[in-house]
Amino acid sequence: MTLVESLLHALKAHGGRQIFGIPGDFALPFFKIAEASGILPLYTLSHEPSLGFAADAAARLQGGLGIAAVTYGAGALNLVNPVAQAYAEKSPVVVISGAPGRREASYGLLLHHQVKTLDSQFEIFRHITCAQARLDHAETAPAEIARVLARCVRESRPVYLEVPRDRADVPCLPVVPVPPAPVDAEALDACATEILGQLARASAPVLMAGVEVRRFGEEDAVAELARRLGVPVVTSLMGTGLLAEAHPPPRGAYLGLAGDPAISDLVERSDALLMLGVILSDTNFGASGRRIDLRRAIRIGDGQVELGYHVYRDLPLSAVVHALLDKLPARAPAPPAPPVPAARPDSDAASALCPQSIAREVNRMMRRHGRFPLAIDVGDCLFTALEIDHSHRVAPGYYASMGFAVPAALGLQAASGRRPIALVGDGAFGMTGLELGHCARYGWDPIVIVQNNAGWGMLQSFEPALALNRLGNWDFARIAEGLGGVGLTARTCGELAHALETAVRTRGRFVLIDAVIPPGAISPALQRYVDAVRRLSADPPVPAPPAPVAAH
Ligand code: TPW
């Protein structure tokens, strides 16, 4: 077996299901073996950021690893932003980069794609990945691959592997996976007892589910935990779409002042907020009307548990969730969910589209045809999507890089085989939308809704007078036709309803719906967010004192 075959088998054994890649001369030996061996399907796209977003989305929806393979320098450095996002949002993406071979590295000449030193790229990726290795020795490569992939899985964060081009086909032993670290059973038991004690003493406990619940494959267990605890469930903003199959589903997403006031009230008044895998970020918590006192919260995530004045280190989320379940009696399953109300007749067919009506029409369509996984971009569509019925979704709600939704939708379809819907602003579409041209080769047929306000609307809502936020009118439907898809334009609710029906019926080609909305029309959630940010920057709230931390 060659070094690259050994790597590919290890990726598969750790949950990798496909590779998104763009080759270059330093990476061609890797790609040649990847294609010839067929160990993992290989999908090529046009621009490296899209590889990162697609791999990230594949990992987010399914669990397992996302894989992005690139060439040295120009290719790998194009991946920095999506990998940084995957790091920040805890998505396990494996970056595989080609690199100069040993002999050429010692020529003393600058090599093409080199920045400062030959190690500059490695150093850059050290900052945005949780483990790295250069596979320049066949003897050590299996152990290095095992170490790096184990970290990727355990921390659910990106890792970086560099394959010098003269090492790709050297003979190599198979990778022996690193067994998971044992969990201290006594600490786990004490921790679970303490959590349940705190919940039992509380008068208003609430469970908030965050991204790690999906990353570690614990959605069913957490839904069961919520049932046994009998506490209300919400998600973080980033966790929107979690527990989509649970009965009852979560009440909604917490967004502080920008969110549903009933949910904000529930969370902010809780005297025992059980946070499971929640990323504490400003988009989640920065716009809180009343600062959440983290000393009263129970935070399970990042491989530890913090509650009150304690920290239990080295307790993975999965172990804690199952330890809690073991201590709670089973409850009779909840009664089946009431049937979804039939779609209301389209009473407002002639009215102009707005963000809210886009959400409403998508809901109506999904009530008729079933739920689709969603890929959401950054811009008002992130807020608009909060009004779309609970459904599996991926969205960069914290790091917030534009350009995510289209390649993420391709990643979702490649990984799951399910037909996704991408919701994307016209500005963000400009960044990665042309990747739709690859759908024909791979038989992907996502439905893409461009929330088109002819500008960077979210920025406009903060700075209405700035001319630079206006982008002009692009004919997205014609662009779609040129890329081999079906392009439709909708300016009214009736036209969007009709376009969505056409999209559902049209299989085998992607369908892009240019949903034209008047510039300045923004979603209620974005309006609340803008108001909250303005209010908070005029009058910043007094923060709660930080929780003193005593290591367990
Ligand atoms: C990679 C900054 C956040 S929102 C936004 C920008 C430029 C405007 C989005 O315009 P779009 O959607 O897509 O038309 P809408 O609804 O607001 O009109 N570069 C990157 N990521 C981010 N977040 C920005 C810039 C930004």
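Report on the accompanying structure.

How each quantity is defined
Residues numbered from 1 in each chain as written. Predicted model: local features only at pLDDT ≥ 70, side-chain atom pairs only at ≥ 80, totals over all residues. Heavy atoms only, no water. Pairing = 2+ DSSP bridges. Helix = DSSP H or I, 4+ residues; strand = E, 2+ residues; numbered from the N terminus. Axes fitted to C-alpha atoms, helices over the stretch in contact; angles between N-to-C directions. Phe/Tyr/Trp six-rings, centres within 6.5 Å; stacked < 30°, edge-to-face > 60°. Buried < 20%, exposed > 50% of the residue type's maximum accessible area, 1.4 Å probe, protein only. Lys NZ or Arg CZ within 6 Å of the ring centre and 35° of its normal.

## Notes on the sheet that holds strand β6 (residues 159-164)
Across a sheet, paired strands are connected by hydrogen bonds in the backbone, their directions being either parallel or antiparallel.
Line of reasoning, step 1. One open sheet holds the 6 strands; their spatial order is β2-β1-β3-β4-β6-β5, and the pairing between them is parallel. With one partner strand each, in any of the chains shown, β2 (42-44) and β5 (132-134) form the two edges of the open sheet. Strand-to-strand, the axes of this sheet are offset by a mean angle of 20°, without reference to chain direction.
Line of reasoning, step 2. The pairing of β5 with β6 spans 3 bridges and is parallel. Following the sheet pairing, R134 is matched in β6 by E162.

## A closer look at the sheet that holds strand β18 (residues 511-516)
Line of reasoning, step 1. Ordered by their spatial adjacency, 6 strands build an open sheet running β14-β13-β15-β16-β18-β17, and the pairing between neighbours is parallel. Where the open sheet ends on each side, the last strands, each with one partner, are β14 (393-394) and β17 (486-490).
Line of reasoning, step 2. Alignment of strand β15 (residues 421-425) against strand β16 (residues 447-452), held across 5 bridges, turns out to be parallel. Paired with L423 across the two strands is I449, which belongs to β16.

## Focus: the packing of aromatic side chains
In this description, an aromatic ring pair is defined by two values, namely the gap between the centres and the angle between the planes.
Line of reasoning, step 1. For the structure shown, the criterion picks out 12 aromatic pairs.
Line of reasoning, step 2. Centre to centre, the rings of Y43 and Y442 are 4.8 Å apart; their planes meet at 85°, and the pair counts as edge-to-face. With Y43 in strand β2 and Y442 in helix α19 (residues 439-442), this pair connects stretches of sequence that are 399 residues apart.
Line of reasoning, step 3. With relative accessibility at 15%, the residue Y43 sits in the buried group.
Line of reasoning, step 4. These aromatic residues form a ring-pair network of at least three members: F20, Y43, Y442 and W444.
Line of reasoning, step 5. Cation over ring: R157 sits above Y87, and NZ or CZ is 4.3 Å from the ring centre.

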